[in-house]
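Chain by chain, the residues run as shown.
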Amino acid sequence: MSVAVRFAPSPTGLLHVGNVRLALVNWLFARKAGGTFLLRLDDTDEERSKPEYAEGIERDLTWLGLAWDRFARESDRYGRYDEVAAALKASGRLYPCYETPEELNLKRASLVSQGRPPIYDRAALRLTDADRARLESEGRKPHWRFKLEHSPVEWTDLVRGPVHFEGAALSDPVLIREDGRPLYTLTSVVDDADLSITHVIRGEDHVANTAVQIQIFEAVGGAVPVFAHLPLLTDAAGQGLSKRLGSLSVASLREEEGIEPMALASLLAKLGTSDAIEPRLTLDELVAEFDIAKVSRATPKFDPEDLLRLNARILHLLPFERVAGELAALGLDDADAAFWEAVRPNLSRVAEARDWWAVTHAPVAPAADDPAFLAEAAALLPEEPWDLSTWGTWTGAVKAKTGRKGKDLFLPLRRALTGRDHGPELKNLLPLIGRTRAQKRLAGETA
Ligand code: GLU
């Protein structure tokens, strides 16, 4: 059977780097195996799901280049969940419970105070028809729990290796709420079974769900997929990430931090694996290097400083065509390959190109602090046309004439031509500045 994976976010907030790492790993796994990648919105929590978050998820994945082959939305499938729930009720695997949240809290607190695990006591299974009729006549509505088999649940996890749970050590999960709405624990299994998902790759916060869901797959007659649970990313201080806080959201990295999609992908594909993190310019390279067996069980830390450093390394390699759109969006419509190649070694973010655009295309107040030397240099400026050899020819002549060399030769020229002490190589900048501007700046004029 061909490999099919899914990324199943709830549209209840912005995707953060931890969420999108799971999307990326699923996508790489699918591409590597020649399989399909499904985007599924787990949107049955109607109070918290919002269309703008769903749009944000699609925008983030599209920006990263993670195209999905199939799309599903759980809120389109209520009829199907009702059908499955009815069958589970008929077979006795779903049973009605009437405890209020307060009663359940009391039961839990009492078990915990006795040093016992807070497992649901299945009191509802001992209710008679008459008990249920009485409770319903009092206006109580049931929620429905799945009756787990009290037998071992085992699987071989692609990241964690052999995993073992005792059914008896787990609480029967609630699958249907009091208002009749199905919960994620059920809907996810129904979708994975109906959509023939072969591999469920998700965060390790779902390990205990998996134990329960394996039994639900069996009860609904679905093929049990292979599971892989990845350790969740933390921030640099080791704290968990929250999508409600928007901390390290993909949207803010893109829109506020100026991060390139391949910088984020290059980092997230390798973070927490045995591979070194290196800049990669295409997702195809990451697919070629991907192997889920390289994912380690240790908790990976996400440090925004690492991302910014990688962003810089990516920019230093990116060809002009890959950034032309971004440069135009910054208002640098006339930027061309020569400009880009001149300035990219000095950038950590594309937006910083604006500073160098101003140096080559707008008036600059020169730091002309050695007028006599600068006048001698200006007199030696070659005639145009200028190219990448002009700087060498010119400074060779200035050196011969003045006897200056090294920093004494180059720094006054740089300060006059750009107004700054540091920047891109002047060999590249000089032809962009042009003779007219260069001459004026060497004369101390703002030009
Ligand atoms: N909506 C769930 C989540 O975001 C999906 C978990 C899963 O992949 O099954 O955690």
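What comes next concerns the included structure. Being a predicted model, the structure only gives us computed values, none of them experimental. (Residues numbered from 1 in each chain as written. Predicted model: local features only at pLDDT ≥ 70, side-chain atom pairs only at ≥ 80, totals over all residues. Heavy atoms only, no water.)

Membership of the largest hydrophobic core comes to 86 residues, with the highest contact counts inside it found for Leu 264, Phe 302, Trp 340 and Trp 394. With ten residues, the top contributor of residues to this core is helix 1 (residues 17-33). What Trp 340 contacts, discounting residues up to four positions off in sequence, is Leu 315, Leu 318, Pro 319, Phe 320, Val 323, Leu 327, Leu 347 and Val 350. (Core = buried A, V, L, I, M, F, W, Y, C linked by side-chain atoms within 4.5 Å. Buried < 20%, exposed > 50% of the residue type's maximum accessible area, 1.4 Å probe, protein only. Helix = DSSP H or I, 4+ residues; strand = E, 2+ residues; numbered from the N terminus. Contact = heavy atoms within 4.5 Å.)

Between two packed helices, the angle of one axis relative to the other and the distance separating the axes together describe the packing. Two numbers describe how helix 17 (residues 406-418) lies on helix 18 (residues 426-433): the axes approach to 12 Å, and their chain directions differ by 35 degrees. Helix-helix and strand crossings are classified by hand; for helix 17 and helix 18 the assignment is left-handed. Along its contact with helix 17, which presents Arg 414, Leu 417 and Thr 418, the element helix 18 presents Leu 426, Leu 429, Leu 430 and Ile 433. Of the residues belonging to the contact of helix 17 with helix 18, the class tally is five nonpolar, one polar and one charged. (Axes fitted to C-alpha atoms, helices over the stretch in contact; angles between N-to-C directions. Left-handed = near helix turned anticlockwise from the far one by under 90°. Nonpolar A, V, L, I, M, F, W, Y, C, P; charged D, E, K, R; others polar.)

Moving on: the site of the ligand. Lining the immediate surroundings of the ligand are Arg 6, Ala 8, Ser 10, Asp 42, Tyr 184, Ser 188, Arg 202 and His 206. One of the side-chain N or O atoms of Ser 10 is found 3.2 Å from a nitrogen atom in the ligand. Burial of the ligand by the protein chains amounts to 80% of its free accessible area of 290 Å². Taken together, the residues of the shell around the ligand sort by class into two nonpolar, three polar and three charged. (Near = heavy atom within 4 Å. Polar contact = N/O pair within 3.5 Å; in protein donor to acceptor, adjacent residues only side chain to side chain. Areas by Shrake-Rupley, 256 points an atom, 1.4 Å probe, with all protein chains shown as cover.)

Considering the arrangement of structural elements, one finds Ala 335 in the loop between helix 12 (320-329) and helix 13 (337-343). Judged by relative accessible area, Ala 335 falls into the buried class, the value being 10%. A C-alpha to C-alpha distance of 39 Å links Ala 335 and Phe 71, two positions 264 residues apart in sequence. With sequence-adjacent residues up to four places away left out, Ala 335 is seen in contact with Phe 320, Leu 327 and Trp 357.

Attention now moves to the environment of Pro 225. With respect to the helices and strands, Pro 225 occurs in the loop between helix 7 (207-220) and strand 10 (226-230). Residue Pro 225 is classed as buried on the basis of its relative accessible area, which comes to 7%. Along the chain, Pro 225 and Glu 376 lie 151 residues apart, while their C-alpha atoms are 77 Å from each other.

The next point concerns the sheet that holds strand 8 (residues 174-176). Read across the open sheet, the three strands follow the order 4-5-8; overall the sheet is antiparallel. Of all the strands in the sheet, just strand 4 (94-97) and strand 8 have a single pairing partner and so form its edges. Shown here is a sheet whose adjacent strand axes are inclined to one another by a mean of 45 degrees, direction ignored. With two bridges connecting them, strand 5 (residues 143-146) and strand 8 associate as antiparallel partners. Bridge pairing links Trp 144 to Ile 176 in strand 8. (Pairing = 2+ DSSP bridges.)

Before going further, it helps to examine the side chain of Asp 172. Structurally, Asp 172 can be placed in the loop between strand 7 (161-166) and strand 8. What Asp 172 contacts, discounting residues up to four positions off in sequence, is Tyr 95, Arg 122, Arg 145, Phe 146, Lys 147 and Leu 148.

This is a description of form; function is not addressed.
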